[in-house]
Each structure stands twice: as C-alpha cells, then as structure tokens.
Amino acid sequence: MARDHNAWVSRYVIGSGWASPIMLDTQTYPNYQGGGGAITSNPTLEVNAAGRAIAIWGQWVNLTGTVSAPNPSFYEGVWRSDYDIAGDLWGSERPIDNGSTDGIGGDSPPTTMDAGGDTITIWKRTTVPNPTGLWADVSGVSGPMSLGVTQADDPRVAIDSQGNAVALWRAPVTNAGHSLSASAYNTSKQTWEAPTSLTAAGNSDVVSAELAGNANGEALAVWEASGSGPGTTIAAALFVPVDPSFRIIGDNGSWHPLGNLETSSYDATQPQIAIDAQGNGMAVWLQRTDTKPMLSLWANHYTAATSSWDGPVLIESDNAGDVSSPQVAFDGSGTAMVVWSEYD
C-alpha cells in the first residue's frame, strides 16, 4: 500500500473562490515502505504583487532502492514549481538540489521574490554525515551557489527590488553555542560576499534570529542572545546598502549594530521583525516582568530618520496565560500589525 506525502497548492480568486487543489509533485518510489509512495516535506510559498508564485518543498530521493527511509540510501533534495499567471497553471516540478550526494535540513527552505519575479532560495545542505553548508538557488544563475560556509543553522533571506539579497544564519561555535553571520548577494556580479559576523567572539550564544528586508535593500536583523548577562536579551542590527541614494546592495554594504531592544533582567525570547519601505522597523518579543509572571508581548519601533529605537512597549497585559508565536508586519503606509497566540 502506498504511503504518500505530496505537495499540494490551491489558488484563491476574488469572485470565484478557491480553485481545486493541484498536486505539484509526481515523484514516486516503488520501494518506499512497501508501496509507490511520494515523500515530500516542509513546503513553502512565495507570491509577489504581480501574482507570480513559486512553491518550494523537500523531496526524498531513493538512490539505491532500499525499503526504509530515511537512511543513508535516501537523501532529501529541494524541489520547486513555478506558477505561470498568464497561463494560469503550475509548471512541472524540478530539483534545485536533487539530493544525489547530499540532503537538506528538516526546515522549510526560506524563499524570497522581488517585484520582477526573481527569486532566491536558501537551504542547509547536509553532507552525510557532516558537516552542513549553506546553498542558494538564484534566478539567472545555473545550479546551486555555495555561500562558502560549512556549518550553519536556521538560514533567513531577504531580497530587494533589483534581485540583490541578504542572508542571515546562526553559525555553530565549538563549545559555545552559536554566533550570528550574514552575507550579501550582488546580482550584477552574481556572487555572495564573504560572511560577516554580527556578534562579537565569545560575547553570547545566539538562540534564534530573524531577518526582514525592503525593496530598497535595507534589512533589519533581530536575535535572542544569552550568555552576556543575567538572562537572554534581544539585540538588533541594520544592513545599509553601499549607496544610500540609490539603495543598491554592493561590495561595501555594511551592517551596523543597533544595540539591545530591552534592558530587563528577565529573559526575552521569540523575537520577530518587520521593516517598511522607508526603513522603519518593528520588533516584537516575549518577556516576563515583576508584575506579570506570564510571558507577555512587547514591541519596540525603530525610526529610520533618527536611527534609534523608540523604547520597549508592553502590547498586552492579560495575566491569564503565556503568549507565544508572535508575528508582525507592515502595510504600505507604515502601519504595523501583530498577531499572537495566548493561553487563556
């Protein structure tokens, strides 16, 4: 009996509703668990304002015909399908990393798309059994591109209007947790710049990190760091393109530390970040206080004109239960919205 895990997609059209679901992958493996099962995982979707879309997912590839998966005979590659808005159809799936020699980590590969439809996908490739490295699928470039690092976790990526990009990841440090590194992609040269460390050596362990970028090429990173004080704190940095007047990322685009977003002695965790078209940012995170024993939602607004944070603000004051899973976003006018889950 086949045991399938397929990648599916559906499109909503105003006035017509949801279209019938479409299965994107057609790969089957006759020897997988005794049947002709497909093995997909961790799908992700990116859509731009023009209606172009790309779907990315992990696909297990059977190399030797053995029965059990996963094992050294099966490797998880990265596959994609592109939506053709003119023809209203999804193209045939194709591998961008077919797993013939390596697999990928279990997370959804982060993908970003600019207004013109150029895309960049980042994933962590695993050389059996180790080490890992970061690779990218970039529009206009043939084959996966290495970012030149062998150890990386939890990659993030943001793209500007010209197809330039910034990648962010946690870099394992021997016996010291993780540091935080970044690299910029120059579309005119089709190269990734040498990685830059955003955390001082031995300063702290980066527990988690998030990245947001805008069409001008500016990007904000926030991360949860432990080891530099009594608890975990939230820190931030700003990426500025090489030419602020044109906002084009180049060889000399640089990161600027923006300090800590809060100074409480209580642990701060689960940071999220958004950035608007003017370079203003909104960071949110979870934290307890002396008067609120439950995890509460906090925010801090970054004002680009003054290159400063306005100061931490408590968003909700319900002591009924912990807050979790915050998400934040800007609309086109610079208004921010945040959603979260709360145990009541």
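One can find the structure itself at the top, above this paragraph.
Residues numbered from 1 in each chain as written. Predicted model: local features only at pLDDT ≥ 70, side-chain atom pairs only at ≥ 80, totals over all residues. Heavy atoms only, no water.

Attention now moves to empty space enclosed by the protein. Taken as a whole and assessed by the stated rule, the structure comprises two cavities of 30 Å³ or more. Taken as a whole, the second largest cavity holds about 30 Å³ of empty space. As for the second largest cavity, its lining consists of Asp154, Arg156, Leu168, Trp169, Arg170, Leu180 and Ala209. Listing elements by their share of the lining of the second largest cavity, those giving two or more residues are strand E17 (153-159) and strand E18 (165-172). Looking at which element gives the most residues to the lining of the second largest cavity, the answer is E18, with three residues. Across the lining of the second largest cavity, the residue classes tally to four nonpolar, no polar and three charged. (1 Å grid on protein atoms, 1.4 Å probe; cavity = no way out; pocket = protein on both sides within 12 Å on 5 of 7 lines; lining within 4 Å. Points joined across faces, edges and corners; volume = space filled by probe spheres on them. Helix = DSSP H or I, 4+ residues; strand = E, 2+ residues; numbered from the N terminus. Nonpolar A, V, L, I, M, F, W, Y, C, P; charged D, E, K, R; others polar.)

It is worth spelling out unusual backbone geometry at this point. Its identity as a non-glycine residue notwithstanding, glutamine 270 has a phi of 55 degrees, on the positive side. On the secondary structure map, glutamine 270 appears in strand E26 (residues 268-275). The phi dihedral of serine 325 falls on the positive side, at around 55 degrees, and the residue is not glycine. One can find serine 325 in strand E31 (residues 323-330).

This part covers a nonpolar patch on the surface. There is a patch of nonpolar side chains on the surface, built from Tyr12, Ile14 and Trp18 and spanning about 450 Å² of accessible area. By secondary structure assignment, the location of tyrosine 12 is in strand E2 (residues 12-13). (Patch = residues over 30% accessible without salt bridge, like charges linked within 9 Å, V, L, I, M, F, W, Y side chains within 5 Å. Areas by Shrake-Rupley, 256 points an atom, 1.4 Å probe, with all protein chains shown as cover. Salt bridge = Lys/Arg side-chain N within 4 Å of Asp/Glu carboxyl O.)

On their own, these measurements won't tell you what the molecule is for.
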